[in-house]
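# Observations on the three-dimensional arrangement
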Amino acid sequence: MATRTAKAAWPKDFLWGVSTAAFQVEGAGRVDGRGQSIWDFRCTQPGKVADAGSGEVACDHYHRYEEDVALIRSLGVDAYRFSIAWPRVLPQGRGRVNEAGLDFYERLVDRLLENGVQPWACLYHWDLPQALENLGGWTARDSAGWYADYAALVARRLGDRVRHWATFNEFSVFTLFGYAMDWCAPGLMDRTANLRAIHHLNLAHGCGVDVLRDLVPDAFIGAIHNRQVVRPCTPSEADRAAAAMLDAHWNLAFPEPQLRATYPELLAEAIDPWVRSGDMAQISRRIDWIGLNHYGPIFAKSDPSTIWGFAWGDAPPDSPVRPEIGWPIFPDAFRDELLELTRRYKLPVYVTENGMGSRDAPDDKGVVHDPRRIAYLETYTSAMRDAIAAGADVRGYFVWSLLDSFEWGSGYTNPFGIIHVDFETLKRTPKDSARWYTKFVAAAKKGASEAGATKRTPARSASTKKGAR
Ligand code: FCB
């Protein structure tokens, strides 16, 4: 993609970062008073996680955060997106506070700031305290209040230093996979539970926005959505209906109520029994940015045996896919998604996850070559630049992920890190992609500053500039 590199400079204040999530990297599962989460429980259930992996040790980021912050700094990026583990700060999900847990996040944030790295904190990346799951978890309406209290606790402690907040990561993924497909915790397959969880998560989001707005001076608040175009596997009516239903769950069930105060047509009637007066106003509180996690398009096929009548299908036979996990590689779909987000919601977009899972081990000299990850990042960042040139209001990009880590149901078999982690010794080794990203970010910043003040393209409308940092 060398020709693409010769394109216009990146916008001047474009933010470059790396992402992780608490359960995937922290480890220290039973250390310093941390409670158990629904993912700790899932890891104990046979057959739910590849190779019986668990988050018990993971990357041991909890103890090695200083080394990890030094690595982040060495990449030359602006920001680090991480998540707070709810059961680490409230072991039972509510009530007794675990000061040691809060202290950890204070130390992490202070270290980042000392190193000139902006902390971007996400309040929820899938690890609900198991004690709350035992009370019904997200299927209980009370969950919105539990979440608001938890958000207030964290905001009071970190809000003087952290300005950038996300309420949740990928509502649609953990709701669909957790309540309809048994691919994520809590592993239910129950249509009603799924619908209730959708509504209560939306409510929790809106309550969280209020809390952050009240408690954090000058807060920059967003929510992170996983959006990927859903294509029917065949043009048949059944596959097209399956794709439309999957699209409603995956791409619309959360952004539409949060940003347009309405549920998508295909789900509205089914969710209605749980919607009370005032809920839609509570859900659609103003936010400042939208986070996009994107990997590649989804191919859907009809499957009447499933709860929602759809199943994941294969990409067409000639599609480029990632060898280990079969996820399709379509940078143009990423460009289109960025444009669509700008058009539809008119908020600044931050790409909060994008990256490539591939297994690349150190060679006999200890060097990790990962050319496929580099090629993926090159084509996707190039597609992002195309989107910006065409008017998409994209303000930042975080690579998933800083470190190889626990990848949910895939355990440790699907590493996304630009830094290799040896899970026996926990040794970190930057891969070729880390060196590529360092150079890429340095060049992007140099190009942007040489280009002088950012010249916004005419396609970017005045209304998309609100909320600018
Ligand atoms: C996303 C998750 C993240 C990671 C990547 C590969 O859906 O948010 O935690 O697992 O996929």
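Anyway, here's the lowdown on the structure attached to this text. (Residues numbered from 1 in each chain as written. Predicted model: local features only at pLDDT ≥ 70, side-chain atom pairs only at ≥ 80, totals over all residues. Heavy atoms only, no water.)

Counting its regular elements, the chain contains 17 helices and 13 strands. A compact globule built from 469 residues should have a C-alpha radius of gyration of about 23 Å, and the chain, at 21 Å, falls within 12% of that. With the C-alpha coordinates aligned to their principal axes, the bounding extent of the chain is approximately 55 × 55 × 45 Å. Burial statistics for the chain: of 469 residues in total, 59% are counted as buried. Of the contacts made within the chain by residues no fewer than 6 positions apart, 78% connect residues no fewer than 24 positions apart. Carbon together with sulfur atoms contributes 53% to the accessible area of the chain, which is approximately 17700 Å² in total. Side-chain charges of the chain comprise 55 positive and 58 negative groups, with the mean position of each set lying 5 Å from the other. (Helix = DSSP H or I, 4+ residues; strand = E, 2+ residues; numbered from the N terminus. Rg over C-alpha atoms; globule rule 2.2 N^0.38 Å. Buried < 20%, exposed > 50% of the residue type's maximum accessible area, 1.4 Å probe, protein only. Contact = heavy atoms within 4.5 Å. Areas by Shrake-Rupley, 256 points an atom, 1.4 Å probe, with all protein chains shown as cover. Lys, Arg positive; Asp, Glu negative; His and termini not counted. Charge placed at Lys NZ, Arg CZ, Asp CG, Glu CD.)

With that settled, the discussion passes to the site of the ligand. Close contacts around the ligand come from Q24, H125, W126, N169, E170, N293, Y295, E353, W400, E407, W408 and F416, and that covers them all. A distance of 2.8 Å separates an oxygen atom of the ligand from a polar side-chain atom of H125. One nitrogen or oxygen atom from the side chain of E353 is found 2.9 Å from an oxygen atom belonging to the ligand. Across the complex, the protein chains shield 94% of the 290 Å² of accessible surface that the ligand would expose by itself. (Near = heavy atom within 4 Å. Polar contact = N/O pair within 3.5 Å; in protein donor to acceptor, adjacent residues only side chain to side chain.)

Let us look at the pattern of salt bridges. The tally for this structure, following the rule as stated, stands at 37 salt bridges. Between R285 and D210 there is a salt bridge, with the nearest N and O atoms lying 2.8 Å from each other. Placement of the pair is R285 in the loop between α14 (279-283) and β7 (289-293) and D210 in helix α10 (residues 191-215), with a sequence separation of 75 residues. Note on D210: relative accessible area 25%, which makes it partly exposed. For D404, the salt bridge is made with K431, and the minimal N-O distance between the two is 2.7 Å. (Salt bridge = Lys/Arg side-chain N within 4 Å of Asp/Glu carboxyl O.)

Note the cis peptide between A185 and P186, where omega equals 5 degrees. In this chain, W400 is followed by S401 through a cis amide linkage whose omega measures 10 degrees. Here S401 lies in the loop between β11 (394-400) and β12 (419-421). One non-glycine residue, D32, lies in the positive phi region at around 50 degrees. With respect to the secondary-structure elements, D32 resides in the loop between α2 (22-25) and α3 (38-43).

The subject of this paragraph is the side chain of E106. Assignment of secondary structure puts E106 in helix α6 (residues 99-114). Contacts of E106, omitting those with residues within four sequence positions, involve R157, L158 and R161.

By the definition in use, this model includes 52 aromatic pairs. With 5.1 Å between their ring centres and 65 degrees between their planes, W120 and W289 make a pair best called edge-to-face. One end of the pair, W120, is in strand β3 (residues 118-122); the other, W289, is in strand β7, with 169 residues separating them in the sequence. Each ring, one from F299 and one from F330, has its centre 6.2 Å from the other, and the planes form 50 degrees; the classification is tilted. One end of the pair, F299, is in strand β8 (residues 298-302); the other, F330, is in the loop between β9 (310-312) and α15 (331-345), with 31 residues separating them in the sequence. Of the residues examined, F330 reaches a relative accessible area of 21% and is grouped as partly exposed. Just above the ring of W39 sits the side chain of R42; from NZ or CZ to the centre is 5.8 Å. The ring of F330 carries R231 above its face, with NZ or CZ at 5.4 Å from the centroid. (Phe/Tyr/Trp six-rings, centres within 6.5 Å; stacked < 30°, edge-to-face > 60°. Lys NZ or Arg CZ within 6 Å of the ring centre and 35° of its normal.)

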